[in-house]
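Below are the chains, spelled out letter by letter.
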Amino acid sequence: MTVLVRSGVGLLCAVARAAIPSVWRGKYFSSGNEPAENNPVTPMLRHLIYKIKSTGPITVAEYMKEVLTNPAKGYYVYRDMLGEQGDFITSPEISQIFGELLGIWFISEWMATGKSTAFQLVELGPGRGTLVGDILRVFTQLGSVLKNCDISVHLVEVSQKLSEIQALTLTEEKVPLERNAGSPVYMKGVTKSGIPISWYRHLHDVPKGYSFYLAHEFFDVLPVHKFQKTPQGWREVFIDIDPQVSDKLRFVLAPSATPAEAFIQHDETRDHVEVCPDAGVIIEELSQRIALTGGAALVADYGHDGTKTDTFRGFCGHKLHDVLIAPGTADLTADVDFSYLRRMAQGKVASLGPIKQHTFLKNMGIDVRLKRLEGGRHQRNARQSKPFASLVAGFSELAWQ
Ligand code: SAH
């Protein structure tokens, strides 16, 4: 669940757009016979139907990309990001402690690597900005340790709406869009604790320099291509319009090979796989940057080590949701293949893990932190919004994530 990278050089993987064959025969599988009231025609569904009618079935990767990041459609449904907390961590208290422990982890990495005079804290996909807020609070509390270090914060975010929320969380004010539309930085401000903060749409726009990178529940929203092994070889899963039911989508298998097959390992033994070229491109870029200018990256996500098959799923209000129903109303996600991330970092930087989030937090001393929290609560003798026992239970649950 966690991969850490440090120092080492490059290799590149290309992102391929599948050529869409004109004949769609053979297998198809629908997502169930939902009654019409359970399959509302959302504006995103209308947009996708129009797109498929114009250019043919789309890959699962394109579907994810459209549903999650099409700015024209205005859907930002990540982890109920505009409402509740993410579901990776079960309680706001544990989420806060997680951010604080990450802050301590970054500082200890900074100390272990020679206390550079400056570093950038770069977060990929910061959601509401709460995690980076918790990390910055630790930087303030440990100000005496960091007092001679120039820190800046750099956020990579594609959603305009979420970047506005991040700005409010971290600077407590509205940060205007940069006037120059061609500038790689689209917003710039200063955090509550006086640290310069900038927003970018792509990692490659972030200035090169000694950096600590964080990607928390970021890689699992990147688009995946899905493949199935058939007697004719690997066939990619596409999304098409169901000819039997109006305004309904279904999965179909491509009749011939498609370019993204290049991302499947030659010795692959599974019969269903998901590949995420974007993740490879980003890990490549991270590794090259770290090899060039130093630093470390921490990736925390739902994932596996190259063993799982079908993990593409939808969540709405923390409940499983059919991925093809009412697109734009549910979060879409696919587990991260950490064995792939490690392969893409190999030879450039050292990569550690993955390890379970639970183990990482235990190694970082979460038990001590929880005990202190309990002590504080007893002392205050205040009415608790959540009993300590449930906090500990919340933490224990992380073992199974
Ligand atoms: N890290 C946050 C939220 C994760 S949700 C947390 O832990 O709570 C995924 C985030 O990634 C959202 O902020 C989303 O807008 C952003 N995102 C998705 N695809 C992206 C991309 N290709 N580039 C940059 N940000 C992206």
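Throughout, a residue's number is its position along its own chain's written sequence, starting from 1. This being a predicted model, a pLDDT of at least 70 is required before a residue's local features are given, and a value of 80 or more before pairs of side-chain atoms are given or counted; all residues contribute to the totals for chains, interfaces and linings. Side-chain figures throughout are based on the complete set of non-hydrogen atoms in the structure, without hydrogens or water.

Undergrad: A description of the packing of aromatic side chains should follow, citing residues and the corresponding values.
TA: For Phe, Tyr and Trp, where Trp contributes only its six-membered ring, two rings pair if their centres lie within 6.5 Å, and the inter-plane angle classes them as stacked under 30 degrees, edge-to-face over 60, or tilted in between. Using the criterion set out here, one finds eight aromatic pairs in the structure. The structure contains a cluster of three or more aromatic residues connected by ring pairs, namely Trp105, Phe106, Trp110, Phe119, Phe139, Tyr210, Phe212 and Phe360. Two conditions define a charge located above a ring, namely a distance within 6 Å from the ring centre to NZ of Lys or CZ of Arg, and an angle within 35 degrees of the ring normal. Across the ring face of Tyr186, the terminal group of Arg201 is positioned such that the distance to the ring centre comes to 4.0 Å.

Undergrad: Outline the site of the ligand, supporting the account with residue identities and numerical values.
TA: The full set close to the ligand counts 17 residues, and Gly125, Gly127, Glu157, His216 and Glu217 are the nearest of them. Residue Gly125 places a main-chain N or O atom 2.7 Å away from a nitrogen atom belonging to the ligand. Here a polar contact is recorded for every N or O atom pair within 3.5 Å, except that within protein the pair must consist of a potential hydrogen donor and a potential acceptor, and residues adjacent in sequence are included only if both atoms are side-chain atoms. Within the contact set of the ligand, an oxygen atom lies 3.0 Å away from a backbone nitrogen or oxygen of Gly127. With residues, only the protein chains shown are counted as cover, and all accessible areas are computed by Shrake-Rupley using a 1.4 Å probe. Against a free-state accessible area of 580 Å², the protein chains account for coverage of 90% of the ligand. Any residue with a heavy atom lying within 4 Å of a molecule or strand is counted as near it.

Undergrad: Please set out the pairing of strand E4 (residues 118–124) residue by residue, giving values where relevant.
TA: Note on strand geometry: in a regular strand, side chains alternate between the two faces of the sheet. In terms of burial, E4 is a largely internal element, six of the seven residues being buried. A pair of strands is labelled paired if DSSP reports no fewer than 2 bridges between them. Labels follow the DSSP assignment, with helices taken as runs of H or I lasting at least four residues and strands as runs of E lasting at least two, numbered in each case from the N terminus. One ladder, built from seven bridges, connects E4 with strand E5 (residues 150–156); its direction is parallel. Within E5, the residue paired with Phe119 across the bridge is Ile151. Pairing geometry for E4 and strand E8 (residues 211–216), over five bridges, is parallel. Each residue of the ladder has a partner; that of Gln120, found in E8, is Ser211. A simple rule labels every residue: compare its accessible area, found with a 1.4 Å probe on the protein chains alone, to the largest value its type can have, and call it buried under 20%, exposed over 50%, or partly exposed in between.

Distances and angles like these do not, on their own, reveal function.
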